[in-house]
Amino acid sequence: MNSSASVAVELTPERKLAGILAPLFALRTERDLGIGDVGALREFVDWAADAGFRVVQLLPINETGNDNSPYNAISSVALDPMTIDLHQMEDLAIDDLARLTAGTDLDILRGGPVAYPLVKSLKWTLLRRAYDCFQRNAFRKSNQRARAFRNFCVAQQGWLEPYAFFHVFMEENAGSERWDAWQEEHQTPYRARVWVSRQAPEKRRRVERELRFRRYVQWIAWTQWIEVRSHAESRGVALMGDVPFGVSYYSADVWAEPDVFDHRWSGGAPPEPLFTDDAFTQKWGQNWGVPLYRWSTMRKNGFAWWRQRVGRVRDIFHLFRIDHILGFYRIYGFPWRPQLNAEFLPLTRAEALERTGGELPRFHEHDDETPEGKAANRQHGEELLRILLEETGQHRLIGEDLGVVPDYVRPSLASLDIPGFKIPIWETNADGTLTKGEEYPRLSITTFGTHDHEPLRGYWDRRMAAIEAAESGDPKLAPSRDEAWRELRMLASWAGFEVPCITPFDDTVHERLLGALFAANSWLAVAMITDLFATSQRFNVPGAVSESNWSQRLAHTISDWRNDPELVARMQRIRKLIETNARI
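Summary of the structure given here. Computed from a predicted model, the values in this text were never measured in an experiment.

Let us look at the nonpolar core. With 176 residues, the main nonpolar core has Phe44, Phe53, Trp225 and Leu532 as its most contacted residues. With 12 residues, the top contributor of residues to this core is helix 8 (residues 201-234). Counting 10 residues, the second-largest nonpolar core is a separate cluster that includes Trp284, Tyr332, Phe334 and Leu347.

What follows is the structure, given as structure tokens:
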């Protein structure tokens, strides 16, 4: 499956590049089926290349579960079938596509946020129709496409078979990925296979058809993604993928390989006082629910699971962002699953100890309170990251090192030649001023924010609103006004201009901030698509359980961008900023 072509962009820190971060689901085209797909990505790559950008960064593209979070996938390798461009499927006739979508108001489906239940139902129906055609016209005739499919299944058997079986038993259990609530005879691969062997012949044949269907869908997805990688290379654009540190507890991986995961502990992050609207995070921390890894077990087989995961991502992406790279050094763990958070919220430490049999949330393997613990954590992280570097190659791995970062992590990443992140408002000097962009190390990525952060316009407008509210005469708002002025003036000073009075987020402010980002010394300067367009739209609010998370789409189609005179003029000005700062 390996793509033999090499990207036409020189991926070394000596050549500075500009990039765009855009969630794939948020991209719109005139013919998508309610969610961004590979066809949209192809259009986006062309638009980005024409605008002067040489890197396109995406969120994780593995298949999601019922919460639709790209950071909670049901497989560490399987691609999300919702990313398939159905218009480019050889096995799906135009007439079939038109007939099976006739009962759906596609204008409404395309016009709003991602309506996941409707989108998934429609696309799965179409994929099953395509599979039926493939079975009839290719598979049974054993033609060249059938052989290509069989070769894919053999080559990818290690992850593909457990994933396909996992889907079969999801179907047997009302579509739920929560394998610990499945029928008892389905809860382990061994029991599940025994159950299949005891079924009537027709039922076993249905299971085999379903397995082949799931393999087929992945074959189509991987084929399309490898093709879009080649297209990006032809346009001189590198694709940056996202590899989360964790994997969902309710995934094919945990179900199929339980021995390499610690089922007792759930990974997360330590308490954070700044989360004033989240009492649990303030008191106990963030309990993400991802299982911890049994590193000693993984070590015995040469970390095969991680090698497989990163190796497959390499087939599609040129650069790899490891989300929460701190987890390789140490990970904060909870001795209870997230479903019990509400029960633990009011408990004292003593009461929690009693409930858990003597354990409280803590770092694994070691804490960072002693020099010995720090040294052990650093050694552990470097051992694991060297494994990943063996799979990715030099200057391809990027570490998301945000949050509360131990003092040894960034020097450790630098020693491994792994770039970390520089978010201007978080990079401060001893005197409290913001570190200038020209002082950032070349081996770094700079951006105003990730998918979890408030967009630049929202950051600016919210503080200006606080200032205006205070200056309308309410003395109680004076402290918030002063803090808002301090933050805005620090950011403006970082970008080389002043804010002497109330200033709207106009084109001048926007482009001065972007210009400063592109002028930074960092190897990559990445703008989130909303920061590029100067909008306040958010794709995710961390900790919030909301249908708006992971479903917001950009207001217009990519072809509309090319026909919008105001946006065309804006992008011409931004391209000049990129060129001025030698990022093209």
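Moving on, we get to unusual backbone geometry. A cis geometry characterises the amide bond from His364 onward to Glu365, with omega recorded as 0°. Relative to the helices and strands, Glu365 is located in the loop between strand 8 (362-364) and helix 15 (371-392). Non-glycine residue His324 carries a positive phi angle of around 55°. Position of His324 among the secondary structure elements: in the loop between strand 6 (319-323) and strand 7 (331-334). On the basis of relative accessibility, which here comes to 14%, the residue His324 falls in the buried class. For Trp550, which is not a glycine, the phi torsion comes out positive at approximately 65°. Mapped onto the elements of the fold, Trp550 is located in the loop between helix 20 (529-533) and helix 21 (558-563). A residue is classified by how much of its surface remains accessible, and Trp550, at 8% relative accessible area, is buried.

Enumeration over the complete set of coordinates arrives at 46 salt bridges. With a shortest N-O distance of 3.2 Å, Arg209 and Glu202 are connected by a salt bridge. For Glu202, a relative accessible area of 33% gives the class partly exposed. The partner of Asp407 in a salt bridge is Lys374, and the shortest N-O contact between them spans 3.2 Å. With Asp407 in the loop between strand 9 (397-399) and helix 16 (409-415) and Lys374 in helix 15, the pair connects residues that are 33 residues apart, well separated along the chain. On the basis of relative accessibility, which here comes to 54%, the residue Asp407 falls in the exposed class.

What follows concerns the sheet that holds strand 5 (residues 286-293). Taken together, the four strands give an open sheet; going across it, the order is 5-4-7-8, and neighbouring strands pair in antiparallel fashion. A single partner strand is all that each edge strand has here, and the edge strands are strand 5 and strand 8. Averaged over all pairs of adjacent strands, the angle between strand axes in this sheet comes to 55°, irrespective of strand direction. The pairing of strand 4 (residues 261-269) with strand 7 spans three bridges and is classified as antiparallel. Its bridge partner lying in strand 7, Gly268 is registered against Tyr332.

Once that is clear, we can look at the packing of aromatic side chains. Across all of its chains, the model carries 50 aromatic pairs by this definition. With 6.2 Å between their ring centres and 25° between their planes, Phe280 and Phe334 make a pair best called stacked. Separated by 54 residues along the polypeptide, Phe280 in helix 10 (residues 279-283) and Phe334 in strand 7 bring together distant segments of the chain. Residues Phe280 and Phe334 agree in their burial class; the two are buried. An aromatic cluster is built from Trp124, Tyr131, Phe134, Phe149, Phe213, Tyr216 and Trp219, whose rings are joined through pairwise contacts. The ring of Trp124 carries Arg214 above its face, with NZ or CZ at 4.5 Å from the centroid.

Mapping Asn287 onto the fold places it in strand 5. Taking relative accessible area as the criterion, Asn287 reaches 10% and is therefore assigned buried. A polar contact of 3.2 Å, which involves the side chain of Asn287, links it to the side chain of Asn341.

What follows covers the state of the cysteines. Tallying each qualifying case throughout the model produces zero disulfides. Cys133 supplies the cysteine sulfur nearest to Cys153, a cysteine that is in no disulfide, at a spacing of 18 Å. By relative accessible area, Cys153 is classed as buried at 13%.

This part takes up the packing of helix 5 (residues 144-155) against helix 6 (residues 157-172). Following both chains from N to C, one finds helix 5 and helix 6 inclined at 95°, their axes separated by 6 Å at the closest point. Classed by the angle they form, the pair helix 5 and helix 6 counts as roughly perpendicular. Along its contact with helix 5, which presents Phe152, Cys153, Val154 and Ala155, the element helix 6 presents Gln157, Trp159 and Leu160.

Looking now at helix 19 (residues 507-519). An ideal rise of 1.5 Å per residue puts 18 Å on 13 residues; helix 19 measures up with 18 Å between its terminal C-alpha atoms. For helix 19, every residue scored as buried is listed here: Val509, His510, Glu511, Leu513, Leu514, Gly515, Ala516, Leu517 and Phe518.

It is worth spelling out the pairing of strand 6 at this point. Taking burial as the measure, the five residues of strand 6 include five buried ones, the bulk of the element. Burial along strand 6 is two-sided: the face carrying Leu319, Arg321 and Asp323 and the face carrying Phe320 and Ile322 are both buried. As defined by bridge partners, strand 3 (residues 238-244) adjoins strand 6 across five bridges and the pair is classed as parallel. Within strand 6, the position partnered with Gly241 by the bridge is Phe320. Here strand 6 pairs with strand 9 via three bridges, running parallel. Within strand 9, the position partnered with Ile322 by the bridge is Gly399.

A few words on helix 17 (residues 456-471). With 16 residues, helix 17 should reach 22 Å at 1.5 Å per residue; the first-to-last C-alpha distance of 23 Å fits that figure. Tucked inside the fold, the buried residues of helix 17 contact helix 18 (478-495), helix 19 and helix 20. Phi for Gly473, located one or two positions after helix 17, is positive at around 125°.

Turning our eyes to something else, we now look at the side chain of Ser412. Following the sequence through the fold, Ser412 ends up in helix 16. There is a polar contact of 2.7 Å between the side chain of Ser412 and the side chain of Glu382. Those residues in contact with Ser412 that sit more than four places away from it in its chain are Tyr329, Arg378 and Glu382.

Turning next to the packing of helix 1 (residues 38-51) against helix 8. Describing two packed helices takes the angle between their axes plus the distance from one axis to the other. The geometry of helix 1 relative to helix 8 is characterised by a closest axis approach of 10 Å and an angle of 5° between their N-to-C directions. Between helix 1 and helix 8, the crossing angle belongs to the class labelled roughly parallel. When helix 1 is examined against helix 8, the residues Val38, Leu41, Arg42, Val45 and Asp46 are found in contact with a partner set consisting of Gln224, Trp225, Glu227, Val228, His231 and Ala232. Its residues assigned to classes, the contact of helix 1 with helix 8 comprises six nonpolar, two polar and three charged.

Here is what the cut-offs are and how they apply
Residues numbered from 1 in each chain as written. Predicted model: local features only at pLDDT ≥ 70, side-chain atom pairs only at ≥ 80, totals over all residues. Heavy atoms only, no water. Core = buried A, V, L, I, M, F, W, Y, C linked by side-chain atoms within 4.5 Å. Buried < 20%, exposed > 50% of the residue type's maximum accessible area, 1.4 Å probe, protein only. Helix = DSSP H or I, 4+ residues; strand = E, 2+ residues; numbered from the N terminus. Salt bridge = Lys/Arg side-chain N within 4 Å of Asp/Glu carboxyl O. Pairing = 2+ DSSP bridges. Axes fitted to C-alpha atoms, helices over the stretch in contact; angles between N-to-C directions. Phe/Tyr/Trp six-rings, centres within 6.5 Å; stacked < 30°, edge-to-face > 60°. Lys NZ or Arg CZ within 6 Å of the ring centre and 35° of its normal. Polar contact = N/O pair within 3.5 Å; in protein donor to acceptor, adjacent residues only side chain to side chain. Disulfide = S-S within 2.5 Å. Parallel < 35°, antiparallel > 145°, perpendicular 65-115°, else oblique. Contact = heavy atoms within 4.5 Å. Expected span 1.5 Å × (residues − 1). Nonpolar A, V, L, I, M, F, W, Y, C, P; charged D, E, K, R; others polar.

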